[in-house]
Amino acid sequence: MPIKTIKIVIAGPYGAGKTTFVKTLSEVLPIETDVPITKESINGKRSTTVAFDYGRMKVREDLVVHLFGIPGQERFSFMWKIIARGMHGYLFIVDSSSEERVKEALGMYNFFRENFPSTPHVVAANKQDVPTAVDIPTIKSILKIPYEVKVMPLIATNRRSALFVLVTLLEEIRSYLLEMSKYKW
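Let me sum up the structure you'll find in this document. (Residues numbered from 1 in each chain as written. Predicted model: local features only at pLDDT ≥ 70, side-chain atom pairs only at ≥ 80, totals over all residues. Heavy atoms only, no water.)

1. Focus: the side chain of Thr119
Here is the rule: Secondary structure elements follow DSSP: runs of H or I no shorter than four residues count as helices, runs of E no shorter than two count as strands, and numbering proceeds from the N terminus. Any residue under 20% of the maximum accessible area for its type is buried, any over 50% is exposed, and the rest in between are partly exposed; the area is computed with a 1.4 Å probe on protein chains only.
Mapped onto the elements of the fold, Thr119 is located in the loop between α4 (106-115) and β7 (121-126). On the basis of relative accessible area, Thr119 is assigned to the buried category, the value being 16%.

Here is the structure:
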């Protein structure tokens, strides 16, 4: 049985939890390109991703998922399209610990929706274990997420939570690929 590989991009603003998500799920030692922040830590973070994070996970005997976490800072936006090339879908992670943090995600989310309009994706509201966490309907409203896009709670440090979000995205990708295979040129 041939092994299928799926490329998934993990997107979201700085500090949303992309690196943590990749580290939580990867079955191999993840590749990280984090460098120390030269200024005082921002939101408790002391490093930032400058190229990408990479992890791999075998979902089934015949299915391997490659996870590519992209840098969240605007100054690294030139990397977003480069890393996204050839992706089957993307997970957009939002720091849901406050409305301000959710609003910070709007520009990047719009970039992905505009540049990859037909690419399957799921939005994950990370840090749902924080007492000040913003609820899912408010996140959908702030980011103007289309009705058909799933928005899910996430705790990126929790493997079960991260796996549930990943499986949901894989189901979205599968549905999309099945739908596309109906159209023969």
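2. Quick word on unusual backbone geometry
Its identity as a non-glycine residue notwithstanding, Lys127 has a phi of 70 degrees, on the positive side. Note on placement: Lys127 falls in the loop between β7 and α5 (136-143). Judged by its relative accessible area of 26%, Lys127 is partly exposed. A positive phi is found at Lys144, a non-glycine position, where the angle reads about 55 degrees.

3. A few points about the packing of aromatic side chains
To describe a pair of aromatic rings, one takes the distance between the centres and the angle between the planes. Rules: Ring pairs are drawn from Phe, Tyr and Trp, using the six-membered ring of Trp, whenever the two centres fall within 6.5 Å, and their geometry is named by plane angle: stacked under 30 degrees, edge-to-face over 60, tilted for the rest. Here, a charge over a ring is recorded when the distance from Lys NZ or Arg CZ to the ring centre is within 6 Å and its angle to the ring normal is within 35 degrees.
This structure, assessed with the given rule, holds seven aromatic pairs. Look at Phe111 and Phe112: their rings are 5.6 Å apart centre to centre, the planes differ by 70 degrees, and that puts the pair in the edge-to-face class. The exposure class of Phe112 is buried, given its relative accessible area of 0%. Every member of this aromatic cluster is reached through a ring pair, and the members are Trp80, Tyr90, Phe111, Phe112 and Phe116. Sitting over the face of the ring of Phe68, Lys7 holds its NZ or CZ atom 5.0 Å from the ring centroid.

4. Re α4
Here is the rule: An arc is given here, and it is the one of the directions from the helix axis to the C-beta atoms.
Among the residues making up α4, those that are buried are Met108, Tyr109, Phe111 and Phe112. Each buried residue of α4 sits inside an arc of 155 degrees when the element is viewed along its axis, so together they form one side.

5. Focus: the packing of helix α1 (residues 18-25) against helix α6 (residues 159-181)
The following threshold applies: All axes are obtained by fitting lines to C-alpha atoms, using only the stretch in contact for helices, and the reported angles, taken between N-to-C directions, cover 0 to 180 degrees. For classification purposes, angles smaller than 35 degrees are called roughly parallel, those larger than 145 roughly antiparallel, those between 65 and 115 roughly perpendicular, and all remaining angles oblique. Residues count as neighbours in contact if any of their non-hydrogen atoms are within 4.5 Å of one another.
Remark: α1 packs on α6, axes separated minimally by 9 Å, with the N-to-C direction vectors making an angle of 100 degrees. Taken as axis vectors, α1 and α6 run roughly perpendicular relative to one another. Contacts between α1 and α6 involve Phe21, Thr24 and Leu25 from the first element and Arg159, Ala162, Leu163 and Leu166 from the second.

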